[in-house]
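# Analysis of the macromolecular model
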Amino acid sequence: FVSDPSLTENEMANRSLVESAVAAYRQILRGCEEEEFSSFDPGEGIADIILCVFVLSAVWPARVPRFLEQVYHATRPGGKVCFRDYGMYDVPMMRFATSSHVKVDEGVDFDGVAPRLFVRGDGTISRFFHVETVKAVFEDAGFVTEELRYATVYNDNRKTKQRLKRVFVHGLFVRPEGNS
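Figured I'd write up the structure that's included with this text.

Rules behind the numbers
The numbering scheme is per chain: residues are counted from 1 as the chain's sequence reads. Local features in a predicted model are, by the rule used here, given only for residues with pLDDT of at least 70; side-chain atom pairs are given and counted only at 80 or more, and totals for whole chains, interfaces and linings are based on all residues. Note: side-chain values were computed over all heavy atoms of the structure, leaving out hydrogens and water. Pairing of aromatic rings covers Phe, Tyr and Trp, the last counted by its six-membered ring, and requires centre-to-centre distances within 6.5 Å; plane angles under 30 degrees mean stacked, over 60 mean edge-to-face, and any other angle means tilted. Runs of H or I in DSSP of at least four residues are treated as helices and runs of E of at least two as strands, each being numbered from the N terminus. Here's how the labels work: a residue is buried when its accessible area is under 20% of the maximum for its type, exposed when over 50%, partly exposed in between, all with a 1.4 Å probe on protein chains only. Here, over-ring charges are defined by two tests on the NZ atom of lysine or the CZ atom of arginine: distance to the ring centre within 6 Å, and angle to the ring normal within 35 degrees. Strand pairing is assigned whenever DSSP identifies at least 2 bridges connecting the two strands. Throughout, nonpolar core names a set of buried Ala, Val, Leu, Ile, Met, Phe, Trp, Tyr and Cys residues whose side chains join them through atoms within 4.5 Å. Working convention: axes come from line fits to C-alpha atoms, limited for helices to the stretch in contact. Angles between N-to-C directions cover 0 to 180 degrees. Working rule for contacts: check all heavy atoms of both residues, and any pair within 4.5 Å makes them a contact. Patch membership needs two things, relative accessible area over 30% and no salt bridge, and members are linked within 9 Å if like-charged or within 5 Å if nonpolar (Val, Leu, Ile, Met, Phe, Trp, Tyr). Note on areas: these come from Shrake-Rupley sampling with a 1.4 Å probe, and a residue is covered only by the protein chains present in the view. The salt bridge criterion pairs a side-chain nitrogen of Lys or Arg with a carboxyl oxygen of Asp or Glu, the two atoms within 4 Å.

### Some details on the packing of aromatic side chains
Each pair of aromatic rings is reported with the distance of its centres and the angle of its planes. Enumeration according to the criterion identifies nine aromatic pairs in this entry. With a centroid separation of 5.1 Å and an interplanar angle of 80°, the aromatic rings of Y72 and F143 are classed as edge-to-face. Taken as a pair, Y72 in helix α3 (residues 64–74) and F143 in the loop between α5 (131–140) and β7 (144–157) lie far apart in primary sequence, 71 residues in all. Under the relative-accessibility criterion, Y72 is labelled buried at 10%. Residue F143 is classed as buried on the basis of its relative accessible area of 3%. Three or more aromatic residues joined by ring pairs make a cluster, and in this case those are Y72, F83, F129, F138, F143 and F173. Between the NZ or CZ atom of R163 and the centre of the ring of Y154, over which it lies, the distance is 4.6 Å. For the cation-ring pair, R175 lies above Y72, with the distance from its terminal atom to the ring centre recorded as 4.5 Å.

This is the structure:
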């Protein structure tokens, strides 16, 4: 099951999947009508492991509960979701212009503030998470948190001699055995 809100990434994934002869489901989230998004069904319990890497940050906050419901549905009981996404105060968040910030009416993050949502130049969105927010949305979908933390990485730019501190949220979530 491959899902990426970027058309370019979907095209690259499709080429890779065709070249490696791996069968997968694909759903483009960006630009989908709510009915299409809501009706997408990858199949019950088709995956032991789902990689959700820099995906949730590109899903509109109002669609996150339904998206994670679909992920839960696709995960086998006892299966896991490996999660990594942008953390609060990551370098890109700090670089976004104030004009790129999107005000959303639906929901609040852990700290009671509206989700930190920004629009990139290509029209895709980017959201930055607290670990508590990630825990809440996954547990609301029925998952059990096995591991959840901030992961910080330093990127060294040799050309500019800059050291950039990246902040990600890393998590491992399990669909409980015996739950449908």
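### Re the pairing of strand β5 (residues 116–119)
Of the pairings in the sheet, the one linking β5 to strand β6 (residues 125–128) comprises four bridges and is antiparallel in character. Bridging across to β6, F118 finds its partner in S126. Taking the residues that link successive antiparallel strands as the turn, the β5-β6 hairpin has five residues, and the phi of G123 there is positive, at about 90°.

### Topic: the nonpolar core
Among the nonpolar cores identified, the biggest contains 21 residues, and L56, F67, V81, F83 and F138 are the most heavily contacted of them. Elements that contribute at least two residues to this core include exactly β3 (47–53), α3, β4 (75–86), α5 and β8 (162–174). Among the elements that take part in this core, α3 stands out by supplying six residues, more than any other.

### Some words on the sheet that holds β7
The four strands lie next to each other as β3-β4-β8-β7, forming an open sheet whose pairing is mixed. A strand with exactly one partner marks an edge of an open sheet, and here the two such strands are β3 and β7. The sheet shows a mean angle of 15° between the axes of neighbouring strands, direction not considered. One ladder, built from seven bridges, connects β4 with β8; its direction is antiparallel. Looking at β8, one finds that K80 is bridged to V174. Against the sheet, α3 touches β3 and β4, its axis set at about 140° to β4. This element, α5, spans β4, β7 and β8 of the sheet and lies at about 140° to β7.

### Re the environment of F129
Note that F129 resides in the loop between β6 and α5. Each C-alpha atom of the pair F129 and Y150 lies 9.8 Å from the other, and the pair is 21 residues apart in sequence. Not counting residues up to four positions away in its chain, the partners in contact with F129 are L56, S57, D85, Y86, G87, M88, V134, Y150 and V169.

### Topic: the pairing of β7
Of the strand pairs in this sheet, β7 and β8 are connected by 13 bridges, and their pairing is antiparallel. Bridge pairing in β8 links Y154 to K165.

### What to know about a nonpolar patch on the surface
A surface patch of nonpolar side chains, about 310 Å² in accessible area, is lined by I49, L51 and V53. With respect to the helices and strands, L51 occurs in strand β3. On the basis of relative accessible area, L51 is assigned to the exposed category, the value being 63%.

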